[in-house]
Amino acid sequence: MTIIGSIALTVFVVIFLVDGWSRPGYHPVRQPVSALALSRRGWIQATNFIVCGAAVTVGAVGVAHTFGSVLLGVAIGVFGVSLMISGLFPMDAMRGYPPGTPDRTPTEYTRRHKIHDQAGAVVFTSLPAAAIVTVFTVPGAGWIWFSGSTAVALTIGFVVFGQAWENDSRFAGLVQRMVITVGWVWLALLFLHAGT
């Protein structure tokens with residue numbers, strides 16, 4: 001059960017990296033992963049969100065059982081459900097993507113985009129919360145250190161990404177990819193640990 005979550009998290013990162021670097025008109029250093037859910041190829045990232053989120057949610061049950069922590073299972077499950085919502089409600093087109101979109105931030109957002117933003121905020125807060133819970137529930141000095149440092153890195157990364165996004169930094173997409181990679185790798189390894 002947890003192995004499926006580990007595989008899905010790894011595939012998620014591979015897909016957004018490959019799709020982002022190969023998609024015409026998309027600039028992965030500037031634009032967020034969520035923008036990949038737009039355009040004709042948007043179904044790839046939308047499906048990526050939904051499948052990964054579903055696999056993580058299932059894996060959360062296995063983690064809760066393995067480590068005897070309902071709280072850890074709930075934190076990971078919330079993360080998984082929020083990923084699925086992110087795929088079901090894509091962000092609005094903006095900042096030059098898809099090609100032909102004005103290179104600016106809209107003054108008004110659709111309801112769909114607002115839901116996507118709210119789900120994204122939960123994604124980026126529930127994962128460090130899960131890492132903090134892991135510090136107190138998964139035995140072993142290595143896991144305590146790894147999970148604690150991951151929680152700190154994710155929290156700082158989320159703040160830095162938020163500022164980069166608000167300022168329309170040309171590096172916002174790169175910062176987000178770094179944060180995602182740190183968090184997804186940590187959770188993939190936790191799932192593997194729970195499955196052994």
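These figures come from a predicted structure and were not determined experimentally.

Even after reading the chapter, I still don't get the packing of aromatic side chains, so can you show me in this structure?
Taken as a whole and assessed by the stated rule, the structure comprises 9 aromatic pairs. An angle of 75 degrees between the planes, with centres 5.7 Å apart, marks the rings of Phe12 and Phe16 as edge-to-face. Of the two residues, Phe12 and Phe16 are both situated in helix 1 (residues 2-22); the distance of 4 residues between them amounts to about one turn of the helix. What makes Phe16 buried here is its relative accessible area of 0%.

What's the story with helix 1 in this structure? I'm lost.
Helical periodicity: at 3.6 residues per turn, an α-helix aligns residues three or four positions apart in one direction. The end-to-end C-alpha distance of helix 1, which contains 21 residues, comes to 31 Å, matching closely the 30 Å that a straight helix rising 1.5 Å per residue would cover. Within helix 1 the residues assigned to the buried category are Thr2, Gly5, Ser6, Ala8, Leu9, Phe12, Val13, Phe16, Asp19 and Gly20. In the core, the buried residues of helix 1 are packed alongside helix 2 (42-67), helix 3 (70-88) and helix 6 (172-195).

I would appreciate a short explanation of the pattern of salt bridges in the present structure.
Any two side chains of opposite charge can pair, given that their charged atoms come close. For the coordinates displayed, the defined rule picks out 6 salt bridges. Where Asp103 meets Arg30, a salt bridge forms, and the shortest distance between an N and an O atom there is 2.8 Å. Of the two residues, Asp103 is situated in the loop between helix 3 and helix 4 (111-137) and Arg30 in the loop between helix 1 and helix 2; the sequence distance between them amounts to 73 residues. On the basis of relative accessible area, Arg30 is assigned to the buried category, the value being 17%. With a closest N to O distance of 3.4 Å, Asp92 and Arg112 form a salt bridge. You can see Asp92 sitting in the loop between helix 3 and helix 4 and its partner Arg112 sitting in helix 4, a full 20 residues away along the chain. Accessibility expressed as a relative area gives 7% for Asp92, which makes it buried. The partly exposed category is assigned to Arg112, whose relative accessible area is 36%. When salt bridges that share partners are traced, they join Arg30, Arg95, Asp103 and Asp168 into one network.

Please explain the packing of helix 2 against helix 3 as it appears in this structure.
Each packed pair of helices is defined by two parameters, the angle between the axes and the distance between the axes. Relative to each other, helix 2 and helix 3 sit at 170 degrees, their axes nearing to 7 Å. By the angle between their axes, helix 2 is roughly antiparallel relative to helix 3. Considered class by class, the residues forming the contact of helix 2 with helix 3 number 18 nonpolar, 7 polar and no charged.

Thresholds, definitions, all that
- What you see as residue numbers is a count from 1 along each chain, following the sequence as written.
- In keeping with the model being predicted, local features are shown solely for residues with a pLDDT of at least 70 and side-chain atom pairs are shown and tallied solely at 80 or more, while totals for entire chains, interfaces and linings include all residues.
- Side-chain metrics rest on all non-hydrogen atoms present in the structure, leaving aside hydrogens and water.
- Pairing of aromatic rings covers Phe, Tyr and the six-membered ring of Trp, with a centre-to-centre limit of 6.5 Å; geometry is then stacked below 30 degrees between planes, edge-to-face above 60, and tilted otherwise.
- Strands are runs of DSSP state E lasting at least 2 residues, helices are runs of H or I lasting at least 4, and numbering of each runs from the N terminus.
- Categorising residues by exposure relies on relative accessible area from a 1.4 Å probe, with only protein chains included: less than 20% of the type maximum marks a residue as buried, more than 50% marks it as exposed, and the intermediate range marks it as partly exposed.
- By this rule, a helix spans an expected 1.5 Å times one less than how many residues it contains.
- We call two residues contacting when some pair of their heavy atoms lies within 4.5 Å.
- In what follows, salt bridge is the name for a side-chain nitrogen of Lys or Arg lying within 4 Å of a carboxyl oxygen of Asp or Glu.
- As a rule, the C-alpha atoms of each element are fitted with a line to give its axis, helices using only the stretch in contact, and angles between N-to-C directions run from 0 to 180 degrees.
- Here the angle decides the label: under 35 degrees means roughly parallel, over 145 means roughly antiparallel, 65 to 115 means roughly perpendicular, and every other value means oblique.
- The residue classification treats Ala, Val, Leu, Ile, Met, Phe, Trp, Tyr, Cys and Pro as nonpolar and Asp, Glu, Lys and Arg as charged. All others, Gly included, are polar.

Everything listed here is a matter of geometry and, on its own, says nothing about what the molecule does.
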